[in-house]
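One-letter residues, chain by chain:
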Amino acid sequence: MIALSRLQSLAKKHGTPLFVIDHDALRKAYRLFRKHLPRVQAYYAVKANPDAEIVRTLFKEGASFDVASMPEFKIVYENIKSMPAKARQDWIWDKIIYANPTKPTDTLEELNQYKPLVTFDNVEEIYKIKKHAPNAGLVLRLKVPNTGAMVELSSKFGALPGEAVDLILTADKLGLTVEGISFHVGSQTTNFENYVQALALSANIFQEARDRGYTKMNLLDIGGGFPAPYDDSVKPFPVLAKVINNELERLFPKDIQILAEPGRFLAAVCGTSVASVIGKAVRDGKTSYYINDGVYHTYSGVIFDHCKYPVKAFKKGATSICCVFGPTCDALDVVSMAENLPDLERGDLVYSVNIGAYSHASATYFNGFPPAKVVHENQ
Ligand SMILES: Cc1ncc(COP(=O)(O)O)c(C=O)c1O
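Definitions and limits used
Residues numbered from 1 in each chain as written. Predicted model: local features only at pLDDT ≥ 70, side-chain atom pairs only at ≥ 80, totals over all residues. Heavy atoms only, no water. Helix = DSSP H or I, 4+ residues; strand = E, 2+ residues; numbered from the N terminus. Buried < 20%, exposed > 50% of the residue type's maximum accessible area, 1.4 Å probe, protein only. Contact = heavy atoms within 4.5 Å. Lys, Arg positive; Asp, Glu negative; His and termini not counted. Charge placed at Lys NZ, Arg CZ, Asp CG, Glu CD. 1 Å grid on protein atoms, 1.4 Å probe; cavity = no way out; pocket = protein on both sides within 12 Å on 5 of 7 lines; lining within 4 Å. Points joined across faces, edges and corners; volume = space filled by probe spheres on them. Near = heavy atom within 4 Å. Polar contact = N/O pair within 3.5 Å; in protein donor to acceptor, adjacent residues only side chain to side chain. Nonpolar A, V, L, I, M, F, W, Y, C, P; charged D, E, K, R; others polar. Domains from an automatic or database assignment. Axes fitted to C-alpha atoms, helices over the stretch in contact; angles between N-to-C directions. Parallel < 35°, antiparallel > 145°, perpendicular 65-115°, else oblique. Left-handed = near helix turned anticlockwise from the far one by under 90°. Patch = residues over 30% accessible without salt bridge, like charges linked within 9 Å, V, L, I, M, F, W, Y side chains within 5 Å. Areas by Shrake-Rupley, 256 points an atom, 1.4 Å probe, with all protein chains shown as cover. Salt bridge = Lys/Arg side-chain N within 4 Å of Asp/Glu carboxyl O. Pairing = 2+ DSSP bridges. Core = buried A, V, L, I, M, F, W, Y, C linked by side-chain atoms within 4.5 Å.

Chemist: What is the right way to look at the overall build of the chain in this model?
Modeler: Counting secondary structure elements, the chain contains twelve helices and 16 strands. Here the C-alpha coordinates of the chain stretch approximately 70 × 40 × 35 Å along the principal axes. For the chain, buried positions account for 55% of its 379 residues. In the chain, the share of contacts with a sequence separation of at least 24, taken over all contacts with a separation of at least 6, comes to 72%. Separation of charge centres in the chain, based on 43 positive and 41 negative side chains, amounts to 5 Å.

Chemist: Got a minute to help me understand empty space enclosed by the protein in this structure?
Modeler: On inspection of all chains with the given rule, the structure shows one cavity of 30 Å³ or more. Estimated volume of the largest cavity: approximately 30 Å³.

Chemist: Explain the site of the ligand here, please?
Modeler: Taken together, 15 residues sit near the ligand, with Ser187, Glu261, Gly263, Arg264 and Tyr358 positioned nearest. Residue Gly225 places a main-chain N or O atom 2.9 Å away from an oxygen atom belonging to the ligand. Within the contact set of the ligand, an oxygen atom lies 2.8 Å away from a backbone nitrogen or oxygen of Arg264. When its residues are assigned to classes, the shell around the ligand shows five nonpolar, five polar and five charged.

Chemist: Sorry if this is basic, but what is going on with the layout of surface pockets here?
Modeler: One way to see where empty space is left: roll a probe the size of a water molecule over the atoms. Taken as a whole, the largest pocket holds about 730 Å³ of empty space. As for the largest pocket, its lining consists of 29 residues, and the residues nearest its centre are Lys47, Val151, Leu153, Phe157 and Tyr358. Of the residues in the lining of the largest pocket, the class split is 14 nonpolar, seven polar and eight charged. If you count residues domain by domain, the lining of the largest pocket takes at least three from each of domain 1 (4-19 + 269-377) and domain 2 (23-268). Together, 22 residues line the second largest pocket, and Ala25, Lys28, Pro229, Val269 and Asn354 are the ones closest to its centre. Those elements that provide at least two residues to the lining of the second largest pocket are helix 2 (23-36), helix 10 (237-251) and strand 10 (271-283).

Chemist: What am I meant to see in the environment of Thr147 here?
Modeler: Assignment of secondary structure puts Thr147 in the loop between strand 6 (137-142) and helix 8 (161-173). Taking the C-alpha atoms as reference, Thr147 lies 40 Å from Asp343; in sequence the two are 196 residues apart. Leave out the neighbours within four places in its chain, and Thr147 touches Asn191 and Asn194.

Chemist: How do you make sense of the environment of Tyr309 when you look at a structure like this?
Modeler: For Tyr309, the position within the fold is in the loop between helix 12 (301-304) and strand 12 (312-313). We classify Tyr309 as buried; its relative accessible area is 3%. Between the C-alpha atom of Tyr309 and that of Asp348, which follows or precedes it by 39 residues, the distance is 18 Å. Leave out the neighbours within four places in its chain, and Tyr309 touches Tyr299, Gly301, Val302, Glu339, Ser352, Asn354, Ile355, Ala357 and Tyr358.

Chemist: What is the right way to look at the packing of helix 3 (residues 52-61) against helix 4 (residues 70-81) in this model?
Modeler: To characterise two packed helices, one gives the angle between the axes of the helices and the distance between these axes. Closest axis-to-axis distance for the helix 3/helix 4 pair is 9 Å, and the angle between their directions is 60°. Looking at the two axes, helix 3 sits oblique to helix 4. Here helix 3 runs over helix 4; the crossing is right-handed. Listed contacts from helix 4 to Ala52, Val55, Arg56 and Phe59 of helix 3 are Ile75, Val76, Asn79 and Ile80. Counted by class, the contact of helix 3 with helix 4 contains six nonpolar, one polar and one charged residues.

Chemist: Looking at this model, I keep getting lost on a nonpolar patch on the surface. Mind explaining?
Modeler: On the surface, Ile303, Phe304 and Leu332 cluster together to form a nonpolar patch covering roughly 290 Å² of accessible area. One can find Leu332 in the loop between strand 13 (319-325) and strand 14 (334-342). Given the relative accessible area of 46%, Leu332 is considered partly exposed.

Chemist: Explanation requested: the pairing of strand 1 (residues 18-22) in the structure shown.
Modeler: Along a regular strand, successive side chains alternate from one face of the sheet to the other. The buried fraction of strand 1 is high, at five of five residues. Along strand 1, one buried face is formed by Leu18, Val20 and Asp22 and the opposite face, lined by Phe19 and Ile21, is buried too. Two strands pair when backbone bridges link them, and strand 1 and strand 16 (residues 373-377) are joined in this way by five bridges, in the parallel orientation. From the neighbouring strand, Leu18 faces strand 16, where its bridge partner is Lys373.

Chemist: Before we go on, may I ask you to explain the pattern of salt bridges in this structure?
Modeler: Side chains carrying opposite charge are able to pair once their charged atoms draw close together. This structure, assessed with the given rule, holds 16 salt bridges. Lys128 is the salt-bridge partner of Glu125, the closest N and O atoms lying 2.8 Å from each other. Of this pair, Glu125 and Lys128 both sit in helix 7 (residues 123-132), three residues apart, roughly one helical turn. Residue Glu247 pairs with Arg250 through a salt bridge whose shortest N-O separation is 2.7 Å.

Chemist: Could you clarify how one ought to interpret the nonpolar core in this entry?
Modeler: Across soluble globular proteins, nonpolar side chains have a tendency to be buried as a group. The biggest cluster of nonpolar side chains holds 101 residues, and the ones touching the most others in it are Phe65, Phe183, Leu220, Ile222 and Phe226. The element contributing the most residues to this core is helix 9 (residues 193-211), with seven residues. If you count residues domain by domain, this core takes at least three from each of domain 1 (4-19 + 269-377) and domain 2 (23-268). Ranked by size, the runner-up nonpolar core spans eleven residues in total, among them Ile2, Leu7, Phe314 and Tyr351.

Written as structure tokens, this is what we have:
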């Protein structure tokens, strides 16, 4: 974590609200992922935090990328193509994955020239891809249990295991190649059994496809879901990695290429926000602080990501339970109804750590307040 004194001096220099991206923390998370899952190539899920400098740092570390829209694709493309040749030599366009199962036709048409890998999960999408991006390689997104995940994704995405091979054969009949299977166990999954079940379901589909004569699948994409260490209840990453490695070893031959789409795991730990107290009131006997960042801005994950970010003060002293409100006129703009904070004055600074994922990425300009200024440390 960035030293508190450094955060204070950055806030003094740049003003608040501030969003500090620590590239050392980003590299550390990437290396941890690769060290414990050596068989798995990491495709950073750009949606977690699409900052171009994050893309560049991860690219230099050897990452590939998961994009879910044309603008995300361009963020990756534009930043990678300007990298020095040495850093670029490992780049293989085929290894970017467009992992949004439903794609607009104009996006497919634009992507077609790159021979992209794209996911799909229904028959309508197969026909759309055939017509608008016939050069694409396909990856079937499977519906898998998301039990206990902080963000559930399986109600919106994924083919049922029972229909999976029929879909693969339909694509094959149309002359498209289904290269493999993907799944997502739900974001911030602390129930590791979800991975065990998803891997078993995927292995069954590989087998059923072979039994029915389809032998072109050589890729398994184990998605995102890897939990960020928000608190002590999250087991250390090596514990999850061991579960995944055991199942991969048991169920998937060495020639199956394994990839993953970690977003939160890489981005969360690299972001710290700093805000200022702009007002103070006592409501129902509880001190309420109004700060210049809120749920329409860096704390957007409180709403969209079902996430909580403890708000901490730089000031020391006896604490009491307080409310923390964002700056807008909307009563929804509540960062927290219960934070342990010392007695703060207008102008005092507060901060939140591990706020790098699904935060600044979904900040708005609501009420005329712009998103926090971004600064980069240890680039
Ligand atoms: C298709 C896909 N891949 C990867 C991710 C990243 O997931 P996470 O941040 O849990 O690693 C998401 C998140 O919504 C997703 O929808």
